[in-house]
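Chain and residue survey
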Amino acid sequence: MKVAIIGAGSLGQSIAKGLLSKKVVTSLYLTKRNTSSLESFKRYKEVTLTSDNAFAVDNADVVIFAVQPKHLSKILEDVKYLLRKDQLIISVITGFSIAKIENIIGAKHYIIRAMPNTAASVRQSMTCLSPNEKGKEKVELAKTIFNSLGVSMEIPEEQLQAATVICASGIAFWMRLIRATTQGAIQLGFEAHEAHELAMQTCFGAATLLKKSGRHPEEEIDRVTTPSGCTIEGLNEMEHQGLSSSLIKGINASFEKINQIKTK
């Protein structure tokens, strides 16, 4: 598979690292106006660094656009006559709809919008994929790409805004919960670095338990709560203070905001 990443900034580089580590590409073209920040990729024989978007597009089977939203229209205009009907076009750009892309390059292309999160850099991203009608034929290929960065899921495009809140903003929500746990551990007498390690690993363990077991969170909660014990005491106090309600309200507030941004 020959892949071009147009706009190899932090997200583009994260995608590149995942593809290279999983050995799913035979050729990888990384473009940037100034390629000096891509020097670390020179050690890979599969990688070609270039500031020429047209050159990269012309040599790729899969073209991933990872530029800033304000630059995408012009870049698509510049390369649209080089895009072939057999190429898969992937956009990881927030807020730039499939309809806008089709208006520039046409609807006969395989087009998929993808929404990874920052955990792509450690190959633990939750990536949501939304294809146009033609792109449905290439969803499995897109999953191969993004499963090298974590896990992927196909969803309708109208759910991408909500997925951005749960998966991209969600990274920040979970970070805040880990920070709060760390602060609690410090109050109980642990040093800051110890508290941080305890909070991180416990969070990771909880997620891994659910992922490996396939059980509902409440089933795992029941396994560690005993009658009149300290766990249920803590859980009930958190609920009295509005833990679940605050999370749900925060998610909805974030969703309302992203929809306001979309309509501006």
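Residues numbered from 1 in each chain as written. Predicted model: local features only at pLDDT ≥ 70, side-chain atom pairs only at ≥ 80, totals over all residues. Heavy atoms only, no water.

Our focus in this paragraph is a negative patch on the surface. On the surface, Glu-218, Glu-219, Asp-222 and Glu-239 cluster together to form a negatively charged patch. Element by element, the count of residues in the negative patch is highest for helix H8 (residues 217–224), at 3 residues. Along the chain, the position of Glu-239 falls in helix H9 (residues 230–240). (Patch = residues over 30% accessible without salt bridge, like charges linked within 9 Å, V, L, I, M, F, W, Y side chains within 5 Å. Areas by Shrake-Rupley, 256 points an atom, 1.4 Å probe, with all protein chains shown as cover. Salt bridge = Lys/Arg side-chain N within 4 Å of Asp/Glu carboxyl O. Lys, Arg positive; Asp, Glu negative; His and termini not counted. Charge placed at Lys NZ, Arg CZ, Asp CG, Glu CD. Helix = DSSP H or I, 4+ residues; strand = E, 2+ residues; numbered from the N terminus.)

Okay, unusual backbone geometry next. With a phi close to 55 degrees, Lys-23 is a non-glycine residue in the positive phi region. As for its position among the elements, Lys-23 is in the loop between helix H1 (10–21) and strand S2 (27–31). A residue is classified by how much of its surface remains accessible, and Lys-23, at 71% relative accessible area, is exposed. Positioned with a positive phi, Arg-123 is a non-glycine residue whose angle comes to about 55 degrees. With respect to the element layout, Arg-123 can be found in the loop between strand S6 (110–115) and strand S7 (125–131). A residue is classified by how much of its surface remains accessible, and Arg-123, at 34% relative accessible area, is partly exposed. (Buried < 20%, exposed > 50% of the residue type's maximum accessible area, 1.4 Å probe, protein only.)

Partitioning the chain into domains gives domain 1 (2–155) and domain 2 (164–263). Here the C-alpha centre of domain 2 lies 33 Å away from the C-alpha centre of domain 1. Domain 1 puts 7 residues into the contact, and the matching count from domain 2 is 5 residues. Between domain 1 and domain 2, a total of about 480 Å² is buried, with carbon and sulfur atoms accounting for 75% of that surface. Our count for the contact surface shared by domain 1 and domain 2 stands at 0 salt bridges. (Domains from an automatic or database assignment. Contact = heavy atoms within 4.5 Å. Buried area = accessible area lost by both parts, 1.4 Å probe.)

We now examine the sheet that holds S2. Two orientations exist for strands paired in a sheet by backbone hydrogen bonds: parallel and antiparallel. The strand order across the open sheet formed by 8 strands is S3-S2-S1-S4-S5-S6-S7-S8, and the pairing between neighbours is mixed. The strands lining the two open edges of the sheet, one partner per strand, are strand S3 (47–50) and strand S8 (150–154). Averaged over neighbouring strand pairs, the angle between their axes works out to 20 degrees when direction is ignored. One ladder, built from 5 bridges, connects S7 with S8; its direction is parallel. Residue pairing for S8: Cys-128 is matched across the bridge by Met-153. Its contacts with the sheet put helix H6 (residues 160–187) on S6 and S7, and the angle it makes with S6 is roughly 35 degrees. (Pairing = 2+ DSSP bridges. Axes fitted to C-alpha atoms, helices over the stretch in contact; angles between N-to-C directions.)

As for its placement among the helices and strands, Arg-113 is situated in strand S6. A polar contact of 3.3 Å, which involves the side chain of Arg-113, links it to the backbone oxygen of Phe-96. For Arg-113, the contacting residues outside a window of four places in its chain are Ser-91, Ile-93, Thr-94, Gly-95, Phe-96, Ser-97, Ile-98, Cys-128, Leu-129, Ser-130, Glu-157 and Leu-160. (Polar contact = N/O pair within 3.5 Å; in protein donor to acceptor, adjacent residues only side chain to side chain.)

A few words now on the environment of Ile-258. By the secondary structure assignment, Ile-258 is in helix H10 (residues 243–263). Residues Ile-258 and Gly-150, spaced 108 residues apart in sequence, show a C-alpha to C-alpha distance of 24 Å. With sequence-adjacent residues up to four places away left out, Ile-258 is seen in contact with Gln-161, Thr-164 and Val-165.

Here we take up the pattern of salt bridges. Summed over all chains, the structure comprises 11 salt bridges. With a shortest N-O distance of 3.1 Å, Lys-42 and Glu-39 are connected by a salt bridge. Given a relative accessible area of 56%, Lys-42 falls into the exposed group. A salt bridge links Glu-140 to Lys-143; its shortest N-O distance comes to 3.9 Å. Taken as a pair, Glu-140 and Lys-143 lie in helix H5 (residues 139–147) at a separation of 3 residues, close to a single helical turn. A relative accessible area of 56% places Glu-140 in the exposed class. Among the charged side chains, a salt-bridge network with shared partners connects Arg-215, Glu-220 and Arg-223.

What follows covers the side chain of Thr-225. Here Thr-225 lies in the loop between H8 and H9. Of the polar contacts made by the side chain of Thr-225, one reaches the backbone oxygen of Ile-221; its length is 3.1 Å. Look past the residues within four positions of Thr-225 in its chain and what remains in contact with it is Thr-231, Ile-232 and Leu-235.

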